[in-house]
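# Commentary on secondary and tertiary structure
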Amino acid sequence: MKIQGKVALITGASRGIGRAIALELAQLGIKRLILVARDRQKLVEVAKEIEAMGTEAAIVALDLTQTIEVNIVVAQLWRNYGQIHLLVNCAGVAYQSSFLQSKMPQVQEELSVNLLGMYNLTSLIARRMASQRQGTIVNVSSLMGKVAAPTMATYSATKFAILGFTEALRRELAEYNIRVIALLPTLTDTDMMRDLKLFRWVIPMTPQEVAKALVTGMQNDSPEILVGWQSHLAVWCQRLAPWLLELILRIATPPTLTKQQSSQKLNKLIPKLSFLTKIHRFGDLFLSRT
Ligand SMILES: NC(=O)c1ccc[n+]([C@@H]2O[C@H](COP(=O)([O-])OP(=O)(O)OC[C@H]3O[C@@H](n4cnc5c(N)ncnc54)[C@H](OP(=O)(O)O)[C@@H]3O)[C@@H](O)[C@H]2O)c1
């Protein structure tokens, strides 16, 4: 896809990966960016950075779970700014908890933002792209959309669902000349990661690296863009030696404990367990199995 002269709408653009994608597209000379998230102040700051790079920026402070509001805003955007060529569905939330301790409001929020919010916005924009017979849609899933992680049941479920949704749309919308792509970042250094302390042993990537991988993937026409060597390794391991991945996940994830126990024990355990210790534990487990 040629970026120059195009208009893109990016959700989750106030920070993290969405912000990095916006800046990367501006760097490449995209004509206009429409930045969507709830935090207006943060959006204003991102818009200033983008305008300084010579790209037009419009901000939309919007909660994607508010279906009617989203409907109205999309109609206004199309009227005011014309065609949107690229939609990047990046907004997302993640809560980590033992499944047995999970809280329904958090589960509902993950489903509403990650899945239903994305579904609604995509349907509104895809209809308009279809009438123009062109467009690109990027849905941000995760490595956890391929390899489900313990303590992340709902989040993983939404990210698996995004991959299924993306694959179905890719086939269905091809006749309208609409490309549908999935982006699968691994652990990335953003606000979201800071809340996921249990997976600190994975080496996080930067949001800028993820944004660059997206651009390269789009240029290469990749339908699914796995980001980083760790993701490739995990997916290959899942295909070739699923038992090995099971072991690694068992070691990487602490046992599910009661909420109070888990925060107390993890605070004690995590700083003491170096990566090397984990490799040793992995070795022990591996030997005891074989
Ligand atoms: N960080 C990782 O390790 C990682 C790994 C794989 C995949 N991902 C995926 O990458 C995407 C971006 O994550 P991130 O790491 O950049 O997270 P982040 O820094 O926490 O940013 C999340 C973004 O989503 C927006 N958002 C959340 N709820 C929203 C709502 N109801 N309506 C509108 N916008 C909302 C936030 O903006 P406001 O708060 O201003 O609304 C923010 O811009 C997510 O889909 C995530 O699942 C992240």
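For the structure itself, look to the data block above.
What this report covers is the structure whose coordinates are included nearby. (Residues numbered from 1 in each chain as written. Predicted model: local features only at pLDDT ≥ 70, side-chain atom pairs only at ≥ 80, totals over all residues.)

### Overview of the overall build of the chain
- Across its full length, the chain carries eleven helices and seven strands.
- The burial tally for the chain puts 36% of its 290 residues in the buried class.
- Restricting the contact set of the chain to residue pairs at least 6 apart, pairs at least 24 apart contribute 70%. (Helix = DSSP H or I, 4+ residues; strand = E, 2+ residues; numbered from the N terminus. Buried ≥ 20, exposed ≤ 12 C-beta atoms within 10 Å, placed from the backbone. Contact = placed C-beta atoms within 7 Å.)

### Section: the pairing of strand 1 (residues 7-11)
- Of all five residues that make up strand 1, four are buried, and the element is covered over most of its length.
- Relative to strand 2 (residues 32-37), strand 1 is paired through five bridges, and the arrangement is parallel. Paired with Val7 across the strands is Arg32, a residue of strand 2.
- As a crossover connection, the stretch from strand 1 through helix 1 (residues 16-27) into strand 2 is right-handed.
- Strand direction decides the pairing type here: strand 1 and strand 4 (residues 86-89), joined by three bridges, are parallel. (Pairing = 2+ DSSP bridges. Right-handed = clockwise from strand over helix to strand, strands pointing away.)

### Concerning the sheet that holds strand 6 (residues 178-184)
- The seven strands are arranged 3-2-1-4-5-6-7 in an open sheet whose pairing can be described as parallel. Strands at the two margins of the open sheet, each flanked by one partner only, are strand 3 (56-61) and strand 7 (224-226). Each adjacent strand pair in this sheet contributes to an overall mean axis angle of 15°, direction not counted.
- Relative to strand 6, strand 5 (residues 135-140) runs parallel, the two being bridged by six bridges. Looking at strand 6, one finds that Val138 is bridged to Ile181. (Axes fitted to C-alpha atoms, helices over the stretch in contact; angles between N-to-C directions.)

### Observations concerning the site of the ligand
- Inspection of the region around the ligand gives 29 residues, with Gly12, Gly16, Arg38, Asp39 and Gly92 positioned closest.
- Mapped by element, the contributors of at least two residues to the shell around the ligand are helix 1 and helix 6 (191-194).
- Class assignment for the residues of the shell around the ligand results in 13 nonpolar, ten polar and six charged. (Near = placed C-beta within 6 Å. Nonpolar A, V, L, I, M, F, W, Y, C, P; charged D, E, K, R; others polar.)

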